[in-house]
Amino acid sequence: SVGFLIPETLITTSKDALQSFYEDNHPIVAKLLGGFGKIAESEQRFWTIYTNPVTQDDLKRADSIRYAPAIFQRSIPKAYEIRVTAVGNRLFACKIDSQASNRTCTDWRRYDFHNVPHSKIELPDSVTEKLLLILQHFDIQFASFDLAFTPKGEYVFFEMNPNSQWVWIETVAEIP
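So, here is what we can say about the structure in this document. These numbers were taken from a predicted model, which means no experiment stands behind them. (Residues numbered from 1 in each chain as written. Predicted model: local features only at pLDDT ≥ 70, side-chain atom pairs only at ≥ 80, totals over all residues. Heavy atoms only, no water.)

**Points about the overall build of the protein**
The following threshold applies: Working definition: helices are DSSP H or I runs of at least four residues, strands are E runs of at least two. Numbering for both runs from the N terminus. The atom set for the radius of gyration is the C-alpha atoms, and the globule formula is 2.2 Å times the number of residues raised to the power 0.38. Accessible area is worked out with a 1.4 Å probe on protein chains only. A residue is then buried under 20% of its type maximum, exposed over 50%, and partly exposed in between. Contacts are assigned to residue pairs with any non-hydrogen atoms lying within 4.5 Å of each other. Every accessible area reported is derived by Shrake-Rupley at a probe size of 1.4 Å, with residue values counting cover from the shown protein chains alone.
Scanning the protein from terminus to terminus reveals 4 helices and 11 strands. Its C-alpha atoms give the protein a radius of gyration of 17 Å, within 12% of the compact-globule value 16 Å for 176 residues. If one aligns the C-alpha atoms of the protein with their principal axes, the spans along those axes are about 45 × 45 × 30 Å. The buried share among the 176 residues of the protein stands at 40%. The long-range fraction of contacts in the protein, counting pairs at least 24 apart against all pairs at least 6 apart in sequence, stands at 62%. Surface summary for the protein: the accessible area is close to 10700 Å², and the carbon and sulfur share equals 51%.

**A short note on the pairing of strand E7 (residues 80–87)**
Heads up, the condition is: Here the rule is simple: two strands pair whenever DSSP picks up at least two bridges between them.
In terms of burial, E7 is a largely internal element, 7 of the 8 residues being buried. One ladder, built from 8 bridges, connects E7 with strand E10 (residues 142–149); its direction is antiparallel. Within the sheet, the bridge partner assigned to Thr85 lies in E10 and is Ser144. Judged from the 7 bridges that link them, E7 and strand E8 (residues 90–96) form a sheet pairing that is antiparallel. Across the sheet, the residue bridging to Val87 is Arg90, located in E8. Counted between consecutive antiparallel strands, the loop separating E7 from E8 contains 2 residues, among which Gly88 sits at a positive phi close to 60 degrees.

**Quick look at the nonpolar core**
Going by this rule: Side-chain atoms within 4.5 Å are what join buried Ala, Val, Leu, Ile, Met, Phe, Trp, Tyr and Cys residues into a set we call a nonpolar core.
Ranked by size, the top nonpolar core spans 20 residues in total, and within it Ile82, Val84, Leu123, Leu131 and Phe145 carry the most contacts. Taken together, the elements giving at least two residues each to this core come down to E7, helix H3 (125–138), E10 and strand E11 (155–161). No other element matches H3, which puts 5 residues into this core. Setting aside its immediate chain neighbours within four residues, Phe145 contacts Ile82, Arg83, Val84, Ala86, Leu131, Ile134, Leu135, Phe157, Glu159 and Met160. Membership of the second largest hydrophobic core comes to 11 residues, among which are Phe21, Tyr22, Ala70 and Phe72.

**Comments concerning the sheet that holds strand E5 (residues 52–53)**
Read from one edge to the other, the open sheet built from 4 strands follows the order E1-E6-E2-E5, with strand pairing classed as antiparallel. The open sheet has two free edges, formed respectively by strand E1 (9–12) and E5, since each of these has just one partner strand.

**Observations concerning the sheet that holds E11**
Test applied: The convention used is that axes are lines fitted to C-alpha atoms, helices contributing only their stretch in contact, and that angles between N-to-C directions extend from 0 to 180 degrees.
Within the open sheet, the 5 strands sit side by side as E9-E8-E7-E10-E11. Their pairing is antiparallel. The open sheet has two edge strands, strand E9 (118–120) and E11, and neither has a second partner. Each adjacent strand pair in this sheet contributes to an overall mean axis angle of 25 degrees, direction not counted.

**A few points about the environment of Arg74**
This is how the line gets drawn: Under this definition, polar contacts are N or O atom pairs within 3.5 Å; protein pairs additionally need one hydrogen-donor-capable and one acceptor-capable atom, and for neighbouring residues in sequence, both atoms have to be side-chain atoms.
Mapped onto the fold, Arg74 is located in strand E6 (residues 70–74). As for Arg74 and Asp24, which are separated by 50 residues in sequence, their C-alpha atoms are 9.2 Å apart. With residues up to four places along the chain from it excluded, the contact list for Arg74 reads Pro7, Glu8, Phe21, Asp24, Asn25, Pro27 and Ile28. Within the structure, Arg74 has its side chain in polar contact with the side chain of Asn25 (distance 2.5 Å).

**Quick word on the pattern of salt bridges**
Let me state the cut-off plainly: We define a salt bridge as a contact between a side-chain nitrogen of Lys or Arg and a carboxyl oxygen of Asp or Glu at a distance within 4 Å.
Counted according to the given criterion, the structure contains 6 salt bridges. With a shortest N-O distance of 3.3 Å, Lys60 and Asp57 are connected by a salt bridge. With Lys60 and Asp57 both in helix H2 (residues 56–60) and 3 residues apart, this pair spans about one turn of that helix. Arg83 is the partner of Asp146 in a salt bridge, and the nearest nitrogen-oxygen pair spans 2.6 Å. Of this pair, Asp146 sits in strand E10 while Arg83 sits in strand E7, and the two are 63 residues apart along the sequence.

Right under this line is the structure:
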């Protein structure tokens, strides 16, 4: 409603709805509906389910979504991604060059800090205004926003997370 482009999105437990969505929007990705993560103490690693491309082989096994809803979205071509941390009316934007690594091109949370630069970026006033409108609408004082900047020069809105991580952005992008 504030004017952001957003990917075509389907939340479903229906194999048939997924098949139809795939046919109309291919290529698509699958996203986790809720947060999930586990520390694997034996390996000193954090495990989570990332955004992943959906293939024809995945569609053959799509009956399994009947047990729990899943999110599917049209895959968006990205020049880079942007994580914006909002504190009150102040926005701190970080450019994530996710396309610099095969590991992070679909989901930058598959961190590859050695190959994926993070840097401070200035947002256009129009994008800033839209983000502030969302904060005002939900009466939120802190949140992070995830966006993509496409090769065509468009800003695409993915999500607002009112309980997000931010220290790593401050560290790698040197944004206080």
